[in-house]
Number of protein chains: 2
Amino acid sequence: MSECAKASDYDEVVKQFEYLDHTADVQIHSWGKTVEEAFEHACLGMFNYMTDVDGVLPRKTVEITAEGTDYLSLLYHFMDEFLFLSCTDDYFMARQIEILEFDKEKWKIRARGYGEDFERARHGGKGTEVKAITYSAMKVLPEADKTDIFVIIDI
Amino acid sequence: MSECAKASDYDEVVKQFEYLDHTADVQIHSWGKTVEEAFEHACLGMFNYMTDVDGVLPRKTVEITAEGTDYLSLLYHFMDEFLFLSCTDDYFMARQIEILEFDKEKWKIRARGYGEDFERARHGGKGTEVKAITYSAMKVLPEADKTDIFVIIDI
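Computed from a prediction, not measured in an experiment: that's the story for all the values here. (Residues numbered from 1 in each chain as written. Chains lettered and ligands numbered in written order. Predicted model: local features only at pLDDT ≥ 70, side-chain atom pairs only at ≥ 80, totals over all residues. Heavy atoms only, no water.)

(A) Expanded view of the confidence of the model for chain A. Averaged over chain A, the pLDDT score is 89; the fraction of residues at 70 or greater is 94%. Complex prediction metrics read pTM 0.67 and ipTM 0.77. (pLDDT = per-residue confidence, 0-100.)

Shown next as structure tokens:
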């Protein structure tokens, strides 16, 4: 065969196949001196998967409340509230998450997000859609000086 | 806030998170008039996920044999043999797969691949690594005039 052979010398490949499903997930590990900090950064890790959070400006704030029955369900609903904001209306992207209240008896959180609405031109670089938070292998590990969180999101 | 605000006006975002795991899979659906054709195209679908098979030149041939105990295990080992060639030595990429023998009593296949060794400059466009064939939801559905195959690969 000549060294100059190229793909266009050949008939197009017959392709009797297609790709149907595509599922993927990524595990976020976050940490902080307190449970609150670890929660904030788990959520920020989710936003950073959608867009580079360094490129998000703190133009507006949003507030959410979330309830659960323990750390795990509270983390799930806390992140899910922010995920909902990122998927609806103005596609809010956060640069920072601040937990204003964390009630560990009633398992309630009130939190604020600082960020802005998604703009494809500036934020579109990654643009990976987060489909869901999952309980799969979820861990919240509060210690005296540090809390670690592990949470898997579907993308 | 000024309209001219930009990300560099702000302190870099503190990021107390990292991404640990990343698992993904894709389901290939292939078909053919015969079981042989459907097998060939399931395998070609796997190669096409690594690199655009239209860009692969038929510079060399390789041969594999695979054994199983039924359609599913035979498909698994048939694809796995080609996956092995793509991961080792010269990183063989196929443009076409031809089944030379398909023994449905002894569940043996002998097949030939037409293609060439991977060259990053020409084939690197996609470059998605296929990590494994899986038995998950695998189906081989032989009918009189057509066979459909469904196989999920880990990427």
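(B) How the structure looks around the sheet that holds strand β4 (residues 108–117) of chain B. Residue and element names in this part refer to chain B. Spatial ordering of the open sheet is given by β2-β4-β3, a layout of three strands whose pairing is antiparallel. Both outer strands of the open sheet, β2 (60–67) and β3 (92–103), are each paired with one neighbouring strand and no more. Taken over all neighbouring pairs, the strand axes of this sheet differ in orientation by 25° on average, direction set aside. In this fold helix α1 (residues 35–50) packs onto β3 and β4, with an angle of close to 160° to the strand it touches most, β3. (Pairing = 2+ DSSP bridges. Helix = DSSP H or I, 4+ residues; strand = E, 2+ residues; numbered from the N terminus. Axes fitted to C-alpha atoms, helices over the stretch in contact; angles between N-to-C directions. Contact = heavy atoms within 4.5 Å.)

(C) Summary view of the interface of chain A and chain B. Facing 44 residues of chain A, the contacting portion of chain B comprises 44 residues. The contact between chain A and chain B buries some 4,000 Å² in all, and 55% of this surface belongs to carbon and sulfur atoms. A per-residue breakdown of the area chain A buries against chain B is headed by Q16(A), F17(A) and Y19(A), which together make up 18% of the total. Put simply, chain A and chain B have two salt bridges between them. Measuring nitrogen to oxygen at the nearest pair gives 2.4 Å for the salt bridge that ties K15(A) to D54(B). Across the contact surface, chain A and chain B share 22 residue pairs in polar contact (both at pLDDT 80 or more). (Buried area = accessible area lost by both parts, 1.4 Å probe. Salt bridge = Lys/Arg side-chain N within 4 Å of Asp/Glu carboxyl O. Polar contact = N/O pair within 3.5 Å; in protein donor to acceptor, adjacent residues only side chain to side chain.)

(D) Local environment of the environment of T147(B). Residue and element names in this part refer to chain B. Its location among the elements puts T147 in strand β7 (residues 147–154). Along the primary structure T147 and G32 are separated by 115 residues, whereas in three dimensions their C-alpha atoms are 5.5 Å apart. Once you skip the residues sitting within four places of it in the chain, T147 turns out to touch S30, W31, G32, K33, T34, V35, A38, V140, L141 and P142.

(E) Representation of the pattern of salt bridges within the structure. Residue and element names in this part refer to chain A. One pass over the structure, following the stated rule, counts 16 salt bridges over all chains. One salt bridge connects K104 with E36, and the closest N-O pair in it is separated by 3.5 Å. Taken as a pair, K104 in the loop between β3 (92–103) and β4 (108–117) and E36 in helix α1 (residues 35–50) lie far apart in primary sequence, 68 residues in all. On the basis of relative accessible area, K104 is assigned to the partly exposed category, the value being 35%. We classify E36 as partly exposed; its relative accessible area is 22%. Salt bridges sharing partners connect three or more residues here, namely E63, E101, R110 and R112. (Buried < 20%, exposed > 50% of the residue type's maximum accessible area, 1.4 Å probe, protein only.)

(F) Structural detail: the side chain of E40(A). All names here are of chain A. Here E40 is to be found in helix α1. For E40, which is buried and forms no salt bridge, the nearest opposite charge comes from R112, at a distance of 11 Å. Among the polar contacts made by the side chain of E40, one reaches the main-chain amide nitrogen of I99 at a distance of 2.9 Å. (Lys, Arg positive; Asp, Glu negative; His and termini not counted.)

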